[in-house]
Amino acid sequence: MSTFNGLPAHILLVHFIVVLAPLTALLAIAASIWSGVRSRLVWLIAALAVFTLVLTPLTTEAGEWLEKRVPETAAVEQHTEIGDWMIYFSVGLVVVAAALVFLHLRERRGNAPVRWQSIAVVVLAVVIGATTIVQVYRIGESGARAAWDDVSVTAGDE
């Protein structure tokens, strides 16, 4: 997919990632800490993680298509390099979601998770969740710089 209604698909798809990845990360952290959140939202978290994982390569591919059509700059190159790492964070969110599903299913069967398993899931969710949020910020910030660094706004333009 290269364009949608005349707009580069990357510009549209990236907004899904910018919202879904941090949202999924925050929900996963909350669900890893509170079993009540986990029991209510575990399937939503799993679905969001899978959806983010599916959208990530589509967004990256659309970005590579767009990269070939914009002037080659250091900012564009940096954004592309940072963006290529997002797939690993998306996979990480799926791993966290799978761990949450594991805990949830144990709890539903009446088997309390072993304490080390619960602690491991909290640590995994916090580390992957926090790094995912930071990575989304870094990608977005570098993309904004690539798009807007050469544009200056004057008082009359506001």
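Scroll up a little and you will see the structure.
Counting restarts for each chain: residues are numbered from 1 in the order of the written sequence. For a predicted model such as this one, the threshold for reporting local features is a pLDDT of at least 70, and the threshold for listing and counting side-chain atom pairs is 80 or more; totals across whole chains, interfaces and linings nevertheless cover every residue. Each side-chain value is derived from all of the structure's non-hydrogen atoms; neither hydrogens nor water enter the calculation.

Q: I'd like to hear about the packing of helix H2 (residues 35–67) against helix H4 (residues 86–108), residue by residue, with values.
A: Orientation of H2 relative to H4, taken along the N-to-C sense of each, is 155 degrees, at an axis distance of 8 Å. Taken together, H2 and H4 sit at an angle that is classed as roughly antiparallel. In this structure, H2 meets H4 at a crossing whose hand is left-handed. Under the scheme applied here, ten amino acids are nonpolar (Ala, Val, Leu, Ile, Met, Phe, Trp, Tyr, Cys and Pro), four are charged (Asp, Glu, Lys and Arg), and all others, including Gly, are polar. When its residues are assigned to classes, the contact of H2 with H4 shows 18 nonpolar, 6 polar and 2 charged. Where helices are involved, their axes are fitted lines through C-alpha atoms of the stretch in contact, as for all axes, and angles between N-to-C directions lie from 0 to 180°. Numbering goes from the N terminus for both helices and strands, where a helix is a DSSP run of H or I of at least four residues and a strand is a run of E of at least two. Comment on the angle field: the value is read as roughly parallel under 35 degrees, roughly antiparallel over 145, roughly perpendicular from 65 to 115, and oblique elsewhere. Left-handed describes a crossing whose near helix is turned anticlockwise from the far helix by less than a right angle; the clockwise case is right-handed.

Q: Residues and numbers for the packing of H4 against helix H5 (residues 115–148), please.
A: At their nearest, the axes of H4 and H5 sit 9 Å apart, and the two run at 150 degrees to each other. The orientation of H4 relative to H5 falls into the category roughly antiparallel. Where H4 crosses over H5, the two elements pack in a sense that is left-handed. Where H4 abuts H5, its residues Met-86, Phe-89, Gly-92, Leu-93, Val-95, Val-96, Ala-99, Leu-100, Phe-102, Leu-103 and Arg-106 lie against Gln-117, Ser-118, Val-121, Leu-124, Ala-125, Ile-128, Thr-131, Thr-132, Gln-135, Val-136 and Ile-139. Contacts are residue-level and defined by heavy atoms, with any inter-residue pair within 4.5 Å sufficient.

Q: Any details on the nonpolar core? Residues and values, ideally.
A: We define the nonpolar core as a collection of buried residues of types Ala, Val, Leu, Ile, Met, Phe, Trp, Tyr and Cys that are connected through side-chain atoms lying within 4.5 Å of one another. Only protein chains enter the accessibility calculation, which uses a 1.4 Å probe; a residue whose area is less than 20% of its type maximum is buried, one above 50% is exposed, and one in between is partly exposed. Within the largest apolar cluster, 32 residues are counted, with the highest numbers of intra-cluster contacts made by Ala-21, Ile-45, Met-86, Leu-93, Val-96 and Leu-100. Of all elements in the fold, only helix H1 (9–33), H2, H4 and H5 reach the threshold of two or more residues within this core. Of all the elements, H1 adds the most residues to this core, at 10 residues. Filtering out sequence-adjacent residues up to four positions away, Ile-45 remains in contact with Thr-24, Leu-27, Ala-28, Ala-31, Ala-97 and Leu-100.

Q: Could you give me a rundown of a negative patch on the surface, with the residues and numbers involved?
A: Here the term patch refers to residues with relative accessible area over 30% and no salt bridge, with like charges joined within 9 Å and nonpolar side chains (Val, Leu, Ile, Met, Phe, Trp, Tyr) within 5 Å. Methods summary: accessible areas were calculated by the Shrake-Rupley approach with a probe of 1.4 Å, and residue burial reflects only the protein chains presented. One side-chain nitrogen of Lys or Arg within 4 Å of one carboxyl oxygen of Asp or Glu is enough to make a salt bridge. Residues scored as positive are Lys and Arg, those scored as negative are Asp and Glu, and His as well as the terminal groups of each chain are ignored. Lysine's charge is taken at NZ, arginine's at CZ, aspartate's at CG and glutamate's at CD. There is a patch of like negative charges on the surface, built from Glu-61, Glu-64, Glu-72, Glu-77, Glu-81 and Asp-84. Elements with a minimum of two residues in the negative patch: H2 and helix H3 (74–84). If you tally residues by element for the negative patch, the top one is H3, at 3 residues. By the element assignment, Asp-84 lies in helix H3.

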